[in-house]
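Listed here are the chains, written in short residue letters.
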Amino acid sequence: MLDRTLNLHLEPPIFGRADAAPCGWAVSTGLVGYAQAVAAMEARAAAIAEGRAGELVWLLEHPPLYTAGISAKAADLLDPTRFPVFPSARGGQYTYHGPGQRVAYAMLDLTARHRDVRALVAALEAWVIGALDRFNVDGEIREGRVGVWVARKDPPREDKIAAIGVKLRKWVSFHGISLNVEPDLSHFSGIVPCGQTEHGVTSLVDLGLPVTMDEADAALKASFAEVFGPVVEAEALI
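Please read all numbers here as calculations on a predicted model, not as lab measurements.

Enquirer: Pulling in residues and values, what's your account of the packing of aromatic side chains?
Expert: Within the structure shown, the criterion is met by twelve aromatic pairs. With a centroid separation of 6.4 Å and an interplanar angle of 65°, the aromatic rings of Trp25 and Trp127 are classed as edge-to-face. One end of the pair, Trp25, is in strand β1 (residues 23-31); the other, Trp127, is in helix α2 (residues 117-133), with 102 residues separating them in the sequence. No difference in accessibility class separates Trp25 from Trp127, as the two residues are buried. A ring pair is formed by Phe83 and Tyr96, whose centres lie 6.0 Å apart and whose planes are at 45°; its orientation type is tilted. Here Tyr96 lies in strand β5 (residues 94-97) and Phe83 lies in the loop between β3 (65-68) and β4 (85-87), a separation of 13 residues in the sequence. The pair Phe83 / Tyr96 is uniform in exposure class, with both members buried. Through a chain of ring-to-ring contacts, the aromatic side chains of Phe15, Trp25, Trp127, Phe224 and Phe228 assemble into a single cluster. Over the face of the ring belonging to Trp149 we find Arg145, whose NZ or CZ atom lies 4.5 Å from the ring centre.

In structure tokens form, the structure reads like this:
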């Protein structure tokens, strides 16, 4: 069970750098292949660890695919021929990526911030929750379930709107979050998302909010500044 240790009552940024240096913020247009994105992300994370590059949050969309985290169970891949399946070094189980879903890869130097993996995960959750709040959506966390959830009333249930999965190497994070803006939710039916059989998935548009990707990006950017500190425009890795 995850122990959320982030103190959300601190003055923002609550997971900021000691030197207050801005984090790079980059957005790729079009669909970015998963293998190419991971290679670019890992190379950047290594450069950050070696002091050759600065931190970067990289926003993109992938073509339809499934990824299997380090805890993935073979039985949770319900339709192995539907989309390409990629093994992933991130934590967690199976998840889906595709058009209409905003993926944000967060390459952050925890040595300059806070060397605490649980606090990082809590900060990532706070980032998503803050972005959702800008659309009057109450994102919630649940013990034993990593990610961000939305309570539905008709019928009563909880649906996942954002997934979180990170990996650290030399105290630099990579992978990150995925927020469902307007993906094809039927694509999730080929897996048991994150091993959760009792809960569904949703998106901002599914909740009745005609949010564009640009609007979602603006909300993510503003919330990131509150949680992690200032950003500066940067070049996308691909």
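Enquirer: Just give me the short version of the nonpolar core, but keep the residues and values in it.
Expert: Grouped burial of nonpolar side chains is what soluble globular proteins tend to show. Formed by 40 residues in total, the largest nonpolar core has its most connected members in Val57, Trp127 and Phe228. Going through the elements one at a time, β1, β2 (56-61), β6 (101-107), α2, β8 (145-153), β9 (156-169), β10 (172-180) and α3 (213-227) are the ones with two or more residues in this core. Take this core: its biggest share by element is ten residues, from α2. Ignoring sequence-local partners within four residues, the contact set of Phe228 consists of Pro13, Phe15, Gly16, Arg17, Leu108, Arg113, Leu120, Ala123, Leu124 and Trp127. Among the nonpolar cores identified, the runner-up in size contains 18 residues, and Tyr34, Ala37, Ile48 and Tyr105 belong to it.

Enquirer: Got a sec to walk through the pattern of salt bridges? Specific residues and values, please.
Expert: All chains considered together, the criterion is met by 13 salt bridges. With a closest N to O distance of 3.1 Å, Asp159 and Arg157 form a salt bridge. Its relative accessible area of 3% is what places Asp159 among the buried residues. With relative accessibility at 33%, the residue Arg157 sits in the partly exposed group. Residue Lys221 pairs with Glu233 through a salt bridge whose shortest N-O separation is 2.3 Å. With Lys221 in helix α3 and Glu233 in strand β12 (residues 231-233), the pair connects residues that are twelve residues apart, well separated along the chain. Glu233 gets classed as exposed once you look at its relative accessible area, which sits at 54%. Shared partners join several salt bridges into a network, and the residues in it are Arg17, Asp19, Glu55 and Arg113.

Enquirer: So, α2: which residues are in play, and what are the values?
Expert: Over its 17 residues, α2 extends 24 Å from the first C-alpha to the last, a length consistent with the 24 Å expected when each residue adds 1.5 Å. Of all 17 residues in α2, 13 are buried; the element is thus mostly enclosed. Where α2 begins, the side chain of Asp116 points an oxygen toward the backbone nitrogen of Arg118, at a separation of 3.0 Å.

Enquirer: Tell me what's going on with helix α1 (residues 34-49), and back it up with residues and numbers.
Expert: Taking 1.5 Å of rise per residue, the 16 residues of α1 would be expected to cover 22 Å, and the 22 Å separating its terminal C-alpha atoms lies within 8% of that figure. Within the span of α1, buried status applies to Tyr34, Ala37, Val38, Ala40, Met41, Arg44, Ala45, Ala47 and Ile48. In this structure, the buried side of α1 is in contact with β2, β3, β4, β5, β6 and β10. Two residues or fewer after α1 comes Gly51, characterised by a positive phi angle close to 80°.

Enquirer: If you had to explain the packing of α2 against α3 to someone new, which residues and values would you point to?
Expert: The interhelical angle for the contact between α2 and α3, taken along N-to-C directions, is 135°, at an axis separation of 8 Å. The angle between α2 and α3 places the two elements in the oblique class. Viewed along their axes, α2 and α3 form a crossing whose handedness is right-handed. Taking contact as the criterion, the partners of Ala123, Ala126, Trp127, Gly130 and Ala131 in α2 are, on α3, Ala219, Leu220, Ser223, Phe224 and Val227. Classifying every residue of the contact of α2 with α3 by side-chain character gives eight nonpolar, two polar and no charged.

The rules behind these values
- Residues numbered from 1 in each chain as written.
- Predicted model: local features only at pLDDT ≥ 70, side-chain atom pairs only at ≥ 80, totals over all residues.
- Heavy atoms only, no water.
- Phe/Tyr/Trp six-rings, centres within 6.5 Å; stacked < 30°, edge-to-face > 60°.
- Helix = DSSP H or I, 4+ residues; strand = E, 2+ residues; numbered from the N terminus.
- Buried < 20%, exposed > 50% of the residue type's maximum accessible area, 1.4 Å probe, protein only.
- Lys NZ or Arg CZ within 6 Å of the ring centre and 35° of its normal.
- Core = buried A, V, L, I, M, F, W, Y, C linked by side-chain atoms within 4.5 Å.
- Contact = heavy atoms within 4.5 Å.
- Salt bridge = Lys/Arg side-chain N within 4 Å of Asp/Glu carboxyl O.
- Expected span 1.5 Å × (residues − 1).
- Polar contact = N/O pair within 3.5 Å; in protein donor to acceptor, adjacent residues only side chain to side chain.
- Axes fitted to C-alpha atoms, helices over the stretch in contact; angles between N-to-C directions.
- Parallel < 35°, antiparallel > 145°, perpendicular 65-115°, else oblique.
- Left-handed = near helix turned anticlockwise from the far one by under 90°.
- Nonpolar A, V, L, I, M, F, W, Y, C, P; charged D, E, K, R; others polar.

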